[in-house]
Amino acid sequence: MITFIPLTGFLGAGKTTTMTAAALALQEQGRKVAVITNDQGVELVDTKLVRSKLDSVAEVTGGCFCCKFEDLVEAIVALVASDSVDTVIAEAVGSCTDLQATVVRPLRQYYGDDMVVAPLTTVVDPLRHLAFARAAERGEPESDLSYLFRQQVTEADVIAVNKLDTIKADRAEELLASLRTSNPKATVVGYSATTGAHLETLLDAWQAPATNEDVVLDIDYDRYAAAEAQLAWMNQELDLTAAGDGFDATAWARTVLQELSAWAAEHDAVIGHAKITVETADGDFAKLSLTESGAQPTLDRAAEAGAPTGRAVVNARVACEPDALDAAVTEAVKAADLATAVTSSATTPVSFKPSYPRPVHRLAPAGA
């Protein structure tokens, strides 16, 4: 019998960092853990970083778990068969919701003899949550993205507030208390996946029974689709060559994200997330990420400077038109090339908007 732990949450909430930190912590407890990443596109930045820390990693691409349900099952089966794992943690696409009905219940109904499905966990970025809450307090109409975020929180068995180290302690307590009041069926925990502070509260929540499994989302799939369609998704690869003896991969990636951040702020474009890895010729790699327009990138991993060549992968999810994102990233890359003395050649930009969500299964609670 294996344990399957499903994670959801808005883009940039820190699902991958949470998943990796939790997997390492569970391994220290003697569990054999595998993880599954998920995205609407291909060539995932996060998968590279996860594979640098964990042995058993798979990915489901080209759609969310709900629309790629059989691919998810195949990934779980393959991991169990090849690596003899007893625990699988999987993070859904950050723009996905309705997972209780489309993933959790189908897994329990059709595969319950072989796996225990842990409580559905929604990972929350406190600053993103507070921004949506402030807009509501001002009486602004609920945006489609805010609607999507609210649905993700509403269906959670566990609301996992990540990045608590980014806000003051009294503000954190107020946020946790507010979430407990507005979501009485959910277990609310706060932690930092980056520092590991209070991560054990999340691990403990996964051992408890699901408390919100009978939830039925009053979800408008047209509005859900509209929310996803607000985001342009880009996955692009680039070959990088130093003009001299070597270049600084970390500095190149940082400059791209700084330029993209400034562009998004200027054009009032919400950044779901933007992530870059640069793998150098000697196998080292840098990884940086951005989750807010106008903010500075976060360094997840630095590479040694001086590589003669490298290969970059850019993942960007931004609320704008695809051609605008293509142009913005192209200009950001030009700026980074100039700043770090690099010549880059890229695949054709492949920004797109997700297709209408059409889940394979959508099950009501038992007895409903």
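Just so you know, the residues in each chain are numbered from 1, in the order the chain's sequence is written. Under the rules for a predicted model, residues below a pLDDT of 70 receive no local features and side-chain atom pairs below 80 are neither given nor counted, while totals for whole chains, interfaces and linings still include all residues. No hydrogens and no water enter the side-chain calculation; it runs on all heavy atoms of the structure.

**Topic: the pattern of salt bridges**
Next up, step 1: We count a salt bridge whenever a side-chain nitrogen from Lys or Arg sits within 4 Å of a carboxyl oxygen from Asp or Glu. Scanning the entire structure with this criterion turns up 15 salt bridges.
Next up, step 2: Between Arg223 and Glu142 there is a salt bridge, and its shortest N-O distance comes to 3.7 Å. Here the residue Arg223 occupies a position in helix α9 (residues 221-229), and Glu142 occupies one in the loop between α5 (126-137) and α6 (144-154), the gap between them amounting to 81 residues.
Next up, step 3: For Arg223, a relative accessible area of 23% translates into the label partly exposed. A run of DSSP states H or I qualifies as a helix once it reaches four residues; a run of E qualifies as a strand once it reaches two. Both are numbered from the N-terminal end. Each residue is placed in one exposure class: buried if its accessible area under a 1.4 Å probe, protein chains only, is under 20% of its type's maximum, exposed if it is over 50%, and partly exposed if it falls in between.

**A look at helix α1 (residues 15-28)**
Next up, step 1: By this rule, a helix spans an expected 1.5 Å times one less than how many residues it contains. The terminal C-alpha atoms of α1, which comprises 14 residues, lie 20 Å apart, in line with the 20 Å expected from a rise of 1.5 Å per residue.
Next up, step 2: Taking burial as the measure, the 14 residues of α1 include ten buried ones, the bulk of the element.
Next up, step 3: By the burial criterion, the buried members of α1 are Lys15, Thr16, Thr18, Met19, Thr20, Ala21, Ala22, Ala23, Ala25 and Leu26.

**Considerations on the packing of aromatic side chains**
Next up, step 1: Pairing of aromatic rings covers Phe, Tyr and Trp, the last counted by its six-membered ring, and requires centre-to-centre distances within 6.5 Å; plane angles under 30 degrees mean stacked, over 60 mean edge-to-face, and any other angle means tilted. Across all of its chains, the model carries five aromatic pairs by this definition.
Next up, step 2: Look at Phe10 and Phe149: their rings are 6.3 Å apart centre to centre, the planes differ by 70 degrees, and that puts the pair in the edge-to-face class. Of this pair, Phe10 sits in the loop between β1 (2-8) and α1 while Phe149 sits in helix α6, and the two are 139 residues apart along the sequence. Residues Phe10 and Phe149 agree in their burial class; the two are buried.
Next up, step 3: Above the plane of the ring of Phe285 lies Arg301, whose end atom (NZ or CZ) is 4.0 Å from the centre. Geometrically, a lysine NZ or arginine CZ counts as sitting over a ring once it is within 6 Å of the ring centre and also within 35 degrees of the ring normal.

**Thoughts on the packing of helix α10 (residues 249-266) against helix α11 (residues 322-340)**
Helix packing geometry: the angle between the two helix axes and the distance between the axes.
Next up, step 1: With axes taken as lines fitted to C-alpha atoms, and helix axes fitted only over the stretch in contact, angles between N-to-C directions fall between 0 and 180 degrees. Following both chains from N to C, one finds α10 and α11 inclined at 140 degrees, their axes separated by 8 Å at the closest point. Classed by the angle they form, the pair α10 and α11 counts as oblique. The handedness of the crossing between α10 and α11 comes out as right-handed. Together, Ala251, Trp252, Thr255, Val256, Glu259, Leu260 and Trp263 of α10 and Ala324, Leu325, Ala328, Val329, Ala332, Val333, Ala335, Ala336, Asp337, Ala339 and Thr340 of α11 make up the contact between the two elements.
Next up, step 2: Charged residues are taken to be Asp, Glu, Lys and Arg, nonpolar residues to be Ala, Val, Leu, Ile, Met, Phe, Trp, Tyr, Cys and Pro, and polar residues to be all remaining types, Gly included. Split by residue class, the contact of α10 with α11 holds 14 nonpolar, two polar and two charged. In what follows, roughly perpendicular refers to angles from 65 to 115 degrees, roughly parallel to angles under 35, roughly antiparallel to angles over 145, and oblique to any angle outside these ranges. It is the rotation of the near helix from the far one that decides the hand of a crossing: anticlockwise by less than a right angle makes it left-handed, clockwise makes it right-handed. In what follows, residue pairs with any heavy atoms lying within 4.5 Å of each other are defined as contacts.

**As for the nonpolar core**
Next up, step 1: We define the nonpolar core as a collection of buried residues of types Ala, Val, Leu, Ile, Met, Phe, Trp, Tyr and Cys that are connected through side-chain atoms lying within 4.5 Å of one another. Ranked by internal contacts, the top residues of the largest apolar core, which has 57 residues, are Phe4, Ile36, Phe65, Leu107 and Ile159.
Next up, step 2: Among the elements that line this core, the one with the most residues is helix α3 (residues 69-83), at six residues.
Next up, step 3: Aside from chain neighbours lying at most four places away, what touches Leu107 is Phe4, Phe69, Leu72, Val73, Gly112, Met115 and Val117.
Next up, step 4: Membership of the second largest hydrophobic core comes to 36 residues, among which are Phe247, Val256, Leu257 and Ala328.

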